[in-house]
Amino acid sequence: MPESTSLRIHRARPVTKEPTLQRATKTTPTRQWPATLLLASLLGLPALAARAQDAPPPGAPPPAPPAAPPEAAPPAPPPPLTPPSAVEAAPKPPTAAETMPATRPDVLPPIDVGAWARVGAAFQKASDPKSVGDYHMDNAYIELHAGGKIHQKVSVTVNLNGNYTAFSGPAVLTPPAAMPGTTNLSGSGVAIEDVIVSFDFCDPFHLWVGHLLVPVDRSNASGPFFMIPWNYPGFMSVGGSLVVAAPHEGPSGRNNGAVLWGEFNEGQVKYLVGAFDNADVNSSPLYSGRLNLAIIGKEPGFWGNASYFGDKDVLALGVGGQFQSHGSATPTDDKSYSEVNADLLGEFKLGGGAWATGEAAYYHFAVADGSVKDSFYVLAALASGQMGVGNIQPMVRYQWANVQAVGKAWNIDGALSYLVKGPALRVIATYSHVKLPELGGGSLTGNSIQLGAQAIFF
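Quick caveat: nothing in here was measured; it's all calculated off a predicted structure.

### Some details on the overall build of the protein
Per the secondary structure count, the protein includes 6 helices and 18 strands. Burial statistics for the protein: of 458 residues in total, 37% are counted as buried. Across the protein, contacts joining residues at least 24 apart in sequence account for 60% of those joining residues at least 6 apart. Split by element, the accessible area of the protein, about 26200 Å² in all, is 66% carbon and sulfur.

### Brief notes about the packing of aromatic side chains
Summed over all chains, the structure comprises 17 aromatic pairs. Aromatic side chains W116 and F226 sit 5.6 Å apart centroid to centroid with 75 degrees between the ring planes, which places their arrangement in the edge-to-face category. A residue pair is termed long-range when its members are at least 10 positions apart, and W116 in strand β1 (residues 112–123) and F226 in the loop between α6 (218–222) and β6 (235–238) qualify at 110 residues. Taking the relative accessible area as the measure of exposure, W116 reaches 14% and is therefore buried. Ring pairing ties together the aromatic residues W116, Y141, F225 and F226, which thus form one cluster.

### Here's the deal with a nonpolar patch on the surface
A surface patch of nonpolar side chains, about 790 Å² in accessible area, is lined by F264, V269, L291, L293, I295, I296, L317, V319, L344 and F348. Sorting the residues of the nonpolar patch by element identifies β10 (286–296), β11 (314–324) and β12 (337–351) as the ones contributing at least two each. In terms of residues, the nonpolar patch owes the most to one element, β10, which gives 4 residues. One can find V319 in strand β11. Owing to a relative accessible area of 41%, V319 belongs among the partly exposed residues under this scheme.

### Let's talk about the pattern of salt bridges
Two side chains with opposite charge may pair up if their charged atoms get near one another. Overall, the coordinates contain 7 salt bridges when judged by the stated rule. E299 is the partner of R218 in a salt bridge, and the nearest nitrogen-oxygen pair spans 2.9 Å. Pair noted here: R218 is in helix α6 and E299 is in the loop between β10 and β11, with a separation of 81 residues, a long-range link. In this structure, the salt-bridge partner of K298 is E266, at a minimum N-O distance of 3.3 Å. With K298 in the loop between β10 and β11 and E266 in the loop between β8 (254–264) and β9 (269–276), the pair connects residues that are 32 residues apart, well separated along the chain. Residue K298 is classed as partly exposed on the basis of its relative accessible area of 29%. One salt-bridge network, held together by shared partners, links R218, R290, E299 and D343.

What counts, and at which threshold
Residues numbered from 1 in each chain as written. Predicted model: local features only at pLDDT ≥ 70, side-chain atom pairs only at ≥ 80, totals over all residues. Heavy atoms only, no water. Helix = DSSP H or I, 4+ residues; strand = E, 2+ residues; numbered from the N terminus. Buried < 20%, exposed > 50% of the residue type's maximum accessible area, 1.4 Å probe, protein only. Contact = heavy atoms within 4.5 Å. Areas by Shrake-Rupley, 256 points an atom, 1.4 Å probe, with all protein chains shown as cover. Phe/Tyr/Trp six-rings, centres within 6.5 Å; stacked < 30°, edge-to-face > 60°. Patch = residues over 30% accessible without salt bridge, like charges linked within 9 Å, V, L, I, M, F, W, Y side chains within 5 Å. Salt bridge = Lys/Arg side-chain N within 4 Å of Asp/Glu carboxyl O.

In structure tokens, the structure reads:
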């Protein structure tokens, strides 16, 4: 180690003498040394004698090392716990909330809300329905949906709807406004669509009461959002003239009443029977019902579909009927009203995301002269596999109706849809050609091109 380093270390740690020893050396006189040595010798004799006795004799082996201390014994186990008394061991009695189901807090799903919208525009001249040389917005429709469970087997549904529809001209063949099958086709406003209290006891037995859908045919069960055509079947118009070839229902296909319905085997067989007061205490009740059999696939639930937009294969047959005493279409006629119908739906996947749909329905009405006696429609549609973000779906539909004492009405629609999310988001263009009979003979002809967009937010 270099000297400089050694010096630095010694300077950092200097060696000093014990101060007490220095003080003793300075204060002790020299003449006291013989007495001090004599006292130390006398005090050290016993210790020297004891050490001499303990020392081994010369040549003896060294003493053995001391034995290791014995290992500590393991700790004793804790004493056993004292067993509980009979009172403590007895099960605790349940609380009131555990014994009374009515006091238990039910864990219910959240309320469902949704907004559904349809907007349409048409190319057609109001003064000349044959011409498509004019443009106007003809439909702006919205539905607001809310519903949820208030009990494990009881639900509440409240739906509102509003619409603006452009419709003008004399309603030559429009049935009287008091007829349950008619709807307001002009003007705008917001109305109550559904107010339903649902008692869902089990799959075969449900009781729904309030202002709700009239069960009669597939078209009314699906509504305009869940069918392939843009326009509801059974309503053919040219300008202000209209032929209604649909069952008695009410505004938006609803009425005040009660429906008993149920399903078996997850919707393979379904029945619905209802009684409605037509919002008129002076009228006789309207009785309406439907029976549906899914030969292929299943169709569960109260509501229906006229297309499943490629979600599943289905082949289903349905029959329906209605009766109302003194329910003739004409106020001056005291005859009863009755109606029967049958419909068939087939929809099958073709692979690659494509599917094909076919639908047909027939209606027979027992009403007075001047109203529709028979009507039917047939529909065919083919959806491609995914192209871009959706599917392209061309469609054609033909409708026919026999208006008593007037003549035949018919309509053909050709449409092309682009389905982004099936019915939840789609756009459609429809060409429509309509022929209606006139009361004095002849016919009315209408041509139109309609554009529509639909969106459903659940």
